[in-house]
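Chain residues, written in single-letter form:
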Amino acid sequence: MSEATMSAGTLTVYVPRDATALSLGADRVAQAIAAEAKARNLEIKLVRNGSRGLFWLEPMVEVNTPAGRVAYGPVKTKDVPGLFDAGFLEGKAHALGQGLTEEIDYLKRQERLTFARAGITDPWSLDDYIAHDGYRGLKRALSMAPEAIVAEVTESGLRGRGGAAFPTGIKWRTVAGCEAAQKYIVCNADEGDSGTFSDRMVMEDDPYVLIEGMTIAGLAVGATMGYIYLRSEYPHAEAALTATIASAYAAGYLGDDVLGSGKAFHLELRRGAGAYICGEETALLESLEGKRGTVRPKPPLPAIEGLFGQPTVINNVISLASVPIILDKGGAYYKDFGMGRSLGTLPIQLTGNIARGGLIEKAFGVTLRELLYEYGGGSASGRPIRAVQVGGPLGAYLPESQFDTPLDYEAFAALGAVLGHGGIVVFDDTVDLAEMARYAMEFCAIESCGKCTPCRIGSTRGEELLDQIIVARSEGPQPGRIELLKSLCDTMLGGSLCALGGMTPYPVMSALNHFPEDFGVSPDTTEAR
Amino acid sequence: MATLPQRFDPEQCQAVTREVLAAHRDQPGALLPILHDIQDRLGAVPPEMLPLIAEDLCLSRAEVHGVVSFYHDFRASPPGRQHLKLCQAEACQSMGVKALTAELQSKLGLELGETREDGSLTFEAVYCLGNCACAPNAMLNGELHGRVDAEGLLALLAEQETQA
């Protein structure tokens, strides 16, 4: 039995080590619990688990009881003596008590496949990972022909979770079909979108699942070397991956002879350097090669000429972290979740001005309204929710009239919106959508790699134009400027090399179309259409 | 050529740079790891070191300069003794980071991107720290802080200043 799941007879207390929990004081809470236990002569085992993703309850402390784990949160250091007085070590009642963790509605109503272990285990413990069904997918993959592994992933219907939603199995088949002395698996962990943290959670709260997924990808396509390109803003993920990659090597899960199979897979962690554009796959490859992170024209596809000119699978963290369960339970099991052509589950990140923010892994098909009100409990400020931005800084703003849209790639595309990486940023009625449109242009100007003109120049002109619109909007309609903005967006959309310039018009145009009054345009005119 | 800031000892810089270059000699695409290692140890990538790096990697100085200047993380001189980054992205905006930024700028007497003349503090923008369910967010001296406000951040700054 692993350390984190010791018998209920041991007094085990769990305090997460996830960055969100730490940002709200989890280390101090853990220290206070250890000190209080010592002062009371109580022997406890303190486990630093991952987070369950119920972020409004962090730091969320759990204890083992015969009935299961019981949660308390949000716990501050000043609450610790009171928790001991109330008998929290036996799961007794306290004002911060949330009952059995697994019965918390927010968690109970989820379908946790990719995040099955998050918050339950000690993420740095390989033993704990294995005790909770870890590495079962790799073991099955090692008994299969490479083509059969690719077929299983294709069967699952998994599409790239980074945002582009390209079928993962097809990408893998292309690389598998290339002849080359060296192929690569590259994990895109440059999770730069505001409103997203699911990649970070995988890497901090269950890092071995990513290592396992990459190893399986290597076996499937014949790649012996993998790189994780991690953004520099994630120091806790860097620490977790550094430690767990070393443990995986030491235990023979990585190296020249993976689990005695005679097959090699090596893995190296690389740190980005604060450039949003490096989340674009070809810019990421340039950066890994030690160059400026500028976008490469496609073709050639990275699958054919990728890292160092060799065939390369480049997948997002969540895509790769979903592979172990697909190999363990089968593609048919995974595709049983979801709707239409959006199969499996999506880790949704509910963020911004929301009462109960966190991670919600659900089968595709859940509506925004369910997420915002049933899970999220409405805005944090208590004011009406006016708009949500879905899919990061390049995603559209959606008004209340579109909240019944199901989370499905095609349903969002039909609205001129994107699901992207599954991030939802909530805004209450104090939001100024013209300011948000201006910010979208400003962000594009800051982060443009400069390779193509519509993005490099267009974003700056867009920022200037929106400044003028904002200054003059109280003085009446300004059809000339609005026309110019639409034309500029059209140029960026059609003429940019990658999604940064090509999709910055999504937030801008959706803001203008759905909230014309913020731009000084009367809602009942067709001016903005 | 720019002069070395007071904190840089040219000999130490050279020694560190040579050590880092030697450690990465067999690594493909090693430039970013090299720059990170130098900055981790010196607090910056001194511009004077670029020719040394270029020569070792068989690159032109322009190529190395191009990479250093492309990435927001690399800096030519070390940050202040305290380093405060405040997230400016959408989720933090939805929780009022614009007003918080204005308040901090006025109370700290620093605009975003500036360092105090006495080198005590650098105040910078950052775009997403991945803690968007607990906005607004800041990173102070490498530590992430969620649901921040001006009062709390100023207290933290004062607390860490006395520790330093």
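Residues numbered from 1 in each chain as written. Chains lettered and ligands numbered in written order. Predicted model: local features only at pLDDT ≥ 70, side-chain atom pairs only at ≥ 80, totals over all residues.

Visitor: What am I meant to see in the overall build of chain B here?
Guide: Along its length, chain B carries seven helices and five strands. Listed N to C, the secondary structure of chain B is α-α-α-α-β-α-α-β-β-β-β-α in terms of helices and strands. Oriented by its inertia axes, the alpha-carbon framework of chain B measures out at about 50 × 30 × 25 Å. Each of the 164 residues in chain B was classed as buried or not, and the buried ones make up 34%. Long-range contacts, defined here as pairs at least 24 residues apart, represent 58% of the contacts in chain B between residues at least 6 apart. (Helix = DSSP H or I, 4+ residues; strand = E, 2+ residues; numbered from the N terminus. Buried ≥ 20, exposed ≤ 12 C-beta atoms within 10 Å, placed from the backbone. Contact = placed C-beta atoms within 7 Å.)

Visitor: Got a minute to help me understand the overall build of chain A in this structure?
Guide: Each helix and strand counted, chain A has 21 helices and 16 strands in total. In terms of overall dimensions, chain A is globule-like: its C-alpha atoms have a radius of gyration of 24 Å, near the 24 Å expected for 529 residues. In terms of principal-axis extent, the alpha carbons of chain A reach across some 75 × 60 × 40 Å. Here chain A holds 529 residues, and the buried ones make up 58% of them. Long-range pairs, those at least 24 residues apart, make up 73% of the contacts in chain A with a sequence separation of at least 6. (Rg over C-alpha atoms; globule rule 2.2 N^0.38 Å.)

Visitor: What exactly am I supposed to notice about the interface of chain B and chain A here?
Guide: Many analyses report the size of an interface as the accessible area lost when the parts associate. Contact residues are listed per partner, giving 35 residues for chain B and 45 residues for chain A. Elements represented by at least two residues in the side of chain B that touches chain A include exactly α2 (31-42), α4 (61-70), α5 (90-93) and β5 (143-145) of chain B. In terms of residue count, α2 of chain B provides more of the side of chain B that touches chain A than any other element does, four residues in total. Taken together, the residues of the side of chain B that touches chain A break down into 21 nonpolar, eleven polar and three charged. (Nonpolar A, V, L, I, M, F, W, Y, C, P; charged D, E, K, R; others polar.)

Visitor: Could you clarify how one ought to interpret the domain arrangement of chain B in this entry?
Guide: Each domain of chain B was delimited in the assignment, giving domain 1 (10-70) and domain 2 (82-163). Averaged C-alpha coordinates put domain 1 of chain B and domain 2 of chain B at centres separated by 30 Å. (Domains from an automatic or database assignment.)

Visitor: Just checking my understanding: could you explain the UniProt feature "binding site: [2Fe-2S] cluster" (unreviewed entry) in chain B for this structure?
Guide: Per the UniProt record, "binding site: [2Fe-2S] cluster" (unreviewed entry) is annotated on Cys87, Cys92, Cys128 and Cys132 of chain B. Despite a sequence span of 46 residues, these residues sit close together in the fold, their greatest C-alpha distance being 9.7 Å. When you line up the elements, cysteine 87 of chain B lands in strand β1 (residues 82-87). Under the C-beta neighbour-count criterion, cysteine 87 of chain B is labelled buried, with 28 such atoms within 10 Å. In contact with cysteine 87 of chain B, not counting residues within four places along its chain, are Cys92, Val97, Val126, Tyr127, Cys128, Leu129, Pro136, Asn137 and Ala138 of chain B. In this fold, cysteine 132 of chain B is placed in the loop between β3 (121-126) and β4 (138-140). Filtering out sequence-adjacent residues up to four positions away, cysteine 132 of chain B remains in contact with Ser194, Gly195, Thr196, Phe197, Gln349, Thr351, Gly352 and Val425 of chain A together with Ala91 of chain B. (UniProt positions renumbered as here; feature names shortened; annotations may be inferred.)

Visitor: Explanation requested: the domain arrangement of chain A in the structure shown.
Guide: Residues and elements named next belong to chain A. Split by domain assignment, chain A resolves into domain 1 (3-108), domain 2 (126-335), domain 3 (338-428) and domain 4 (433-519). Facing 18 residues of domain 2, the contacting portion of domain 3 comprises 20 residues. At the level of elements, α9 (198-205), α13 (317-329) and α14 (331-335) are the ones that each hand at least two residues to the side of domain 2 that touches domain 3. Its residues assigned to classes, the side of domain 2 that touches domain 3 comprises six nonpolar, nine polar and three charged.

Visitor: Help me understand the environment of alanine 237 of chain A in this model?
Guide: All names here are of chain A. Take alanine 237: it is sitting in helix α11 (residues 235-250). By the C-beta count within 10 Å, which is 29 here, alanine 237 ends up buried. Excluding residues that lie within four positions of it along the chain, alanine 237 makes contacts with Arg200, Met203, Glu204 and Leu230.

Visitor: Where do I start with the sheet that holds strand β16 (residues 423-428) of chain A in this structure?
Guide: All names here are of chain A. The mixed open sheet is built from five strands, whose spatial order is β13-β12-β16-β14-β15. Lying at the two open borders of the sheet, with one neighbouring strand each, are β13 (358-363) and β15 (397-399). On average, each strand axis in the sheet is tilted by 30° relative to the strand beside it, whichever way the strands run. Alignment of strand β14 (residues 385-390) against β16, held across five bridges, turns out to be antiparallel. By the bridge assignment, glutamine 389 is partnered in β16 with valine 425. (Pairing = 2+ DSSP bridges. Axes fitted to C-alpha atoms, helices over the stretch in contact; angles between N-to-C directions.)

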